[in-house]
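# Breakdown of the fold
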Amino acid sequence: TDTKIYEFKGWSPVLEEVTADVTYTAEYDEFDKVKVTWVVDGTETEEYYKAGELPNYKGETAKEQDDKFVYTFKGWDKTIEAASADVTYTAVYETKAKYQITWVIDGVETKETYLAGVKPSYKGKVTKAEDDDYTYQFTGWDKEIVAAEADAVYTAVFSKTAKNPTADDGSNEAKGCGSSISAGI
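Bear in mind that the values here come from a model prediction, so they are computed numbers and not experimental data. (Residues numbered from 1 in each chain as written. Predicted model: local features only at pLDDT ≥ 70, side-chain atom pairs only at ≥ 80, totals over all residues. Heavy atoms only, no water.)

On to the pattern of salt bridges. According to the stated counting rule, one finds eleven salt bridges in the structure shown. Asp-29 is the salt-bridge partner of Lys-9, the closest N and O atoms lying 3.6 Å from each other. In this pair, Lys-9 sits in strand 1 (residues 4-12) while Asp-29 sits in strand 2 (residues 25-40), placing the two residues 20 residues apart along the sequence. With relative accessibility at 30%, the residue Asp-29 sits in the partly exposed group. The salt bridge involving Glu-94 is made with Lys-74; its shortest N-O contact spans 3.6 Å. In this pair, Glu-94 sits in strand 5 (residues 87-105) while Lys-74 sits in strand 4 (residues 69-76), placing the two residues 20 residues apart along the sequence. (Salt bridge = Lys/Arg side-chain N within 4 Å of Asp/Glu carboxyl O. Helix = DSSP H or I, 4+ residues; strand = E, 2+ residues; numbered from the N terminus. Buried < 20%, exposed > 50% of the residue type's maximum accessible area, 1.4 Å probe, protein only.)

Printed below as a string of structure tokens:
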């Protein structure tokens, strides 16, 4: 195998206006050749450098996310140093799990993805349409919202207020109507 790199340095003799037959010879500097292998997401790329030259990866270091994880390039497995012997550098990634958060509002599901450690928050307006007998007010979620560490479902909780204070929702519990009525006898 070829172990040298040749770099053109000029012509001999120096190029001048030609007035007679002349032979020019290319001159090269000779350097030891060092193979640098870059491993990015399992794919190897070989590059050759002059001994003493600092390698510099020219490709992309991005790693595609998959169904469960997001990857962020953090650097190489070892410090990049001037080329002196064949070497392999492997990309190192921070891996973060991602989780599906499901918001249930009046029976309608909205799914979002959050990275591990990130506290989810619903991005829309939490409402429930009034019906013939009641209006509804969002009072919170069925459980405390915590930073994502697993898939989770949060269900909106609503209080209801009767439009007609004599309406019976079948529960026979006093729900309040949002207004007071006095009757003098």
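On we go.
Let us now look at the packing of aromatic side chains. What the rule picks out here adds up to 15 aromatic pairs. Judged by centre distance (5.9 Å) and plane angle (65 degrees), the ring pair of Phe-138 and Phe-158 falls under edge-to-face. In this pair, Phe-138 is assigned in strand 7 (residues 134-141) and Phe-158 in strand 8 (residues 152-162), connecting sequence segments 20 residues apart. Relative accessible area serves as the criterion here: at 27%, Phe-138 is assigned to the partly exposed category. The ring of Tyr-48 is capped by Lys-33, whose NZ or CZ atom sits 4.8 Å from the centre of that ring. One cation-aromatic arrangement involves Lys-63 over Tyr-93; the distance from NZ or CZ to the ring centre is 5.4 Å. (Phe/Tyr/Trp six-rings, centres within 6.5 Å; stacked < 30°, edge-to-face > 60°. Lys NZ or Arg CZ within 6 Å of the ring centre and 35° of its normal.)

Together, Tyr-6, Phe-8, Trp-11, Leu-15 and Tyr-28 make up a nonpolar patch on the protein surface, roughly 560 Å² of accessible area in all. A per-element tally of the nonpolar patch places strand 1 first, with three residues. Along the chain, the position of Leu-15 falls in the loop between strand 1 and strand 2. (Patch = residues over 30% accessible without salt bridge, like charges linked within 9 Å, V, L, I, M, F, W, Y side chains within 5 Å. Areas by Shrake-Rupley, 256 points an atom, 1.4 Å probe, with all protein chains shown as cover.)

Attention now goes to the pairing of strand 8. Successive side chains on a regular strand alternate, one facing one side of the sheet and the next facing the other. In this sheet, strand 8 lies alongside strand 5 in parallel orientation, the contact comprising four bridges. Bridge assignment links Val-104 to a residue of strand 8, and that residue is Thr-155. The sheet contact formed by strand 7 and strand 8 spans seven bridges and is antiparallel. Residue pairing for strand 8: Tyr-134 is matched across the bridge by Ala-162. (Pairing = 2+ DSSP bridges.)

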